[in-house]
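Observations on the three-dimensional arrangement
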Amino acid sequence: MEVMPILTTQNNQEESLLDTDKSNSQPKSQVGTMVELHSVTKIYPNGYHALVDASIKINKGEFLFITGPSGSGKSTFLKLLYGAELPTQGEVIVDNLNLTGLRGDRLSLFRRRIGIVFQDYKLIHQRTVAENVSFVLQAQGYTRKEIQRRLEPTLKLVGLSSKANCFPDQLSGGEQQRVSIARAIVGTPPLLLADEPTGNLDPDNSWQVIQVLQKLNSFGATVIVTTHDEQLVRRCNQPVVQVKNGRLYRA
Ligand SMILES: Nc1ncnc2c1ncn2[C@@H]1O[C@H](COP(=O)(O)OP(=O)(O)OP(=O)(O)O)[C@@H](O)[C@H]1O
């Protein structure tokens, strides 16, 4: 079975992001390009031009905010990166894979290599925190032992070890969002996409969520986050791409 390590040592041995004992080690060097858009235009069936001739390169190991007004095309940009939408023109290349024409099983396999976090968490309310996080690994055929090996450090990383047996309704919004981050990263994807992850959260919880995302980035994950929250962006001092009228601008 395929397991995508988020970090790969120079001799190609898997080094798990989830080993939190390594939290004091230096960030691993990430060489190469994670995302490339070449002259991408996305026109929805209703004729709306959501992205226009957009080109960008995002390096492995980057942490990048995508900002812009409502309706400017931020979510569309992320959807193109995980194959939920196809470009009308141009090419989208993620982790050296050209997504143009990727369908069916090949698309599903590709998506396993990407962690996705949504504004509304999308948790299963009848399942505990531990079950929500391990569910994705079960669906991919991981053994119980491997799921256990990954679960504990993942919950520790997002600060939810003590909540493993709680149900989502017993958690705050910020905690629920951290469960959704745990679910997104438990398979150790090299790329994490977060679409307005703090959109429903107050400033304190937003900051906690962003800190978790920055920690993941420091372990080597490429992290791309859309947000409206200018204050949060300023506080983080991370690179920013602005989307204006469907075009991308590095700030
Ligand atoms: N499936 C769709 N069909 C038609 N138009 C769409 C579709 N999805 C998005 N759009 C339009 O494309 C434009 C960009 O949408 P998108 O969701 O990417 O913007 P956004 O910057 O993420 O907005 P917000 O910050 O409000 O979430 C919007 O005008 C939207 O109405």
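Only a predicted model underlies this, so the values are computations on that prediction, with no experimental measurement involved. (Residues numbered from 1 in each chain as written. Predicted model: local features only at pLDDT ≥ 70, side-chain atom pairs only at ≥ 80, totals over all residues.)

**A look at the overall build of the protein**
Put simply, the rule is: In DSSP terms, a helix is any run of H or I states spanning at least four residues, a strand is any run of E spanning at least two, and both are numbered starting from the N terminus. A pair of residues counts as a contact when their C-beta atoms, built from backbone coordinates, are separated by no more than 7 Å.
Across its full length, the protein carries 7 helices and 12 strands. Restricting to contacts in the protein with at least 6 residues of sequence separation, those with at least 24 account for 71%.

**Things to note about the UniProt feature "domain: ABC transporter" (unreviewed entry) in the protein**
Quick reminder of the rule: UniProt positions are given in the numbering used here, feature names are shortened, and annotations may be inferred rather than shown by experiment.
UniProt records the feature "domain: ABC transporter" (unreviewed entry) at residues 35–251, using the numbering of this structure. Measuring from the first to the last C-alpha atom of residues 35–251 gives 18 Å, for a span that is 35% helix and 27% strand.

**Remarks on the environment of Ala 221**
Stated formally: Around each residue's C-beta, the other C-beta atoms within 10 Å are counted; 20 or more make the residue buried, 12 or fewer make it exposed, and counts in between make it partly exposed. All C-beta atoms are placed from the backbone.
In this fold, Ala 221 is placed in the loop between helix 6 (203–218) and strand 10 (222–227). Residue classification places Ala 221 among the buried residues on the basis of 25 C-beta atoms within 10 Å. Sequence separation between Ala 221 and Ile 58 is 163 residues, and the spatial gap between their C-alpha atoms is 12 Å.

**Things to note about the site of the ligand**
Condition: Think of it this way: take the backbone, place a C-beta atom on it, and check whether that atom is within 6 Å of the molecule or strand, in which case the residue is near it. Each residue is assigned to one class: nonpolar for Ala, Val, Leu, Ile, Met, Phe, Trp, Tyr, Cys and Pro, charged for Asp, Glu, Lys and Arg, and polar for all the others, Gly among them.
Lining the immediate surroundings of the ligand are Tyr 44, Asn 46, Tyr 48, Ala 50, Gly 68, Ser 70, Gly 71, Ser 72, Gly 73, Lys 74, Ser 75 and Thr 76. In terms of residue count, helix 1 (residues 74–81) provides more of the shell around the ligand than any other element does, 3 residues in total. Of the residues assigned to the shell around the ligand, the class counts are 3 nonpolar, 8 polar and 1 charged.

**Brief notes about the domain arrangement of the protein**
Quick reminder of the rule: Each domain's extent is set by a domain assignment, obtained either automatically or from a database.
Domains assigned within the protein are domain 1 (32–113 + 190–251) and domain 2 (123–188). Put simply, the middle of domain 1 and the middle of domain 2, counted by C-alpha atoms, are 23 Å apart. Contacts between the two partners involve 11 residues from domain 1 and, on the opposite side, 12 residues from domain 2. Top contributing element to the side of domain 1 that touches domain 2 by residue count: helix 6, with 6 residues. By residue class, the composition of the side of domain 1 that touches domain 2 is 6 nonpolar, 3 polar and 2 charged.

**Concerning helix 3 (residues 129–139)**
All of the buried residues along helix 3 are Val 129, Ala 130, Asn 132, Val 133, Ser 134 and Leu 137. Packed against the buried residues of helix 3 are helix 4 (144–157) and helix 5 (173–185).

**Quick word on the packing of helix 3 against helix 5**
Cut-off, in case you're wondering: Axis geometry follows a simple rule: fit a line to the C-alpha atoms, using only the stretch in contact for helices, then measure angles between N-to-C directions, giving values from 0 to 180 degrees. Here roughly perpendicular refers to angles of 65 to 115 degrees, roughly parallel to angles under 35, roughly antiparallel to angles over 145, and oblique to all remaining angles. Crossing handedness is defined as follows: a turn of the near helix away from the far one that is anticlockwise and smaller than a right angle gives a left-handed crossing, while the clockwise case is right-handed.
Relative to each other, helix 3 and helix 5 sit at 30°, their axes nearing to 8 Å. Between helix 3 and helix 5, the crossing angle belongs to the class labelled roughly parallel. Two packed elements cross with a definite hand, and for helix 3 against helix 5 that hand is right-handed. Across from Val 129, Asn 132, Val 133 and Val 136 in helix 3, the residues of helix 5 making contact are Val 179, Ala 182 and Arg 183. Of the residues in the contact of helix 3 with helix 5, the class split is 5 nonpolar, 1 polar and 1 charged.

**Let's talk about the sheet that holds strand 5 (residues 63–67)**
To keep it simple, the criterion reads: At least two DSSP bridges between two strands are needed for those strands to be called paired.
The strand order across the open sheet built from 6 strands is 8-9-10-5-11-12, with neighbouring strands paired in mixed fashion. With one partner strand each, in any of the chains shown, strand 8 (114–118) and strand 12 (247–250) form the two edges of the open sheet. Here the strands of the sheet are splayed against their neighbours by 20° on average, with no regard to which way each runs. Relative to strand 10, strand 9 (residues 191–195) runs parallel, the two sharing 5 bridges. Bridge pairing in strand 10 links Ala 194 to Val 225.

**Some details on the pairing of strand 12**
Remark: a regular strand shows side chains that alternate across the two faces of the sheet. Summarising the sheet, strand 11 (residues 240–244) and strand 12 pair through 4 bridges and their orientation is antiparallel. The residue bridging Val 241 from the neighbouring strand is Arg 250, located in strand 12. Linking two consecutive strands that pair antiparallel, namely strand 11 and strand 12, is a turn of 2 residues; a positive phi of about 50° is found at Asn 245 within it.

**Description of the nonpolar core**
Definition in use: Nonpolar core, as used here: buried Ala, Val, Leu, Ile, Met, Phe, Trp, Tyr and Cys residues forming one set through C-beta atoms within 7 Å.
Leu 81, Ala 182, Leu 192 and Leu 193 are the most contacted members of the largest nonpolar core, which totals 59 residues. When residues of this core are sorted by domain, at least three fall in each of domain 1 (32–113 + 190–251) and domain 2 (123–188). Non-local contacts of Ala 182, meaning those with residues more than four positions away in its chain, are made with Val 133, Thr 154, Leu 155, Val 158 and Leu 160.

**A short note on unusual backbone geometry**
For residues other than glycine, phi is negative in most cases, and the peptide bonds are mostly trans. Backbone geometry at Glu 196 places phi at a positive 50°, although glycine is not the residue there. Checked against the element boundaries, Glu 196 lands in the loop between strand 9 and helix 6. For Glu 196, a count of 20 C-beta atoms within 10 Å gives the class buried.

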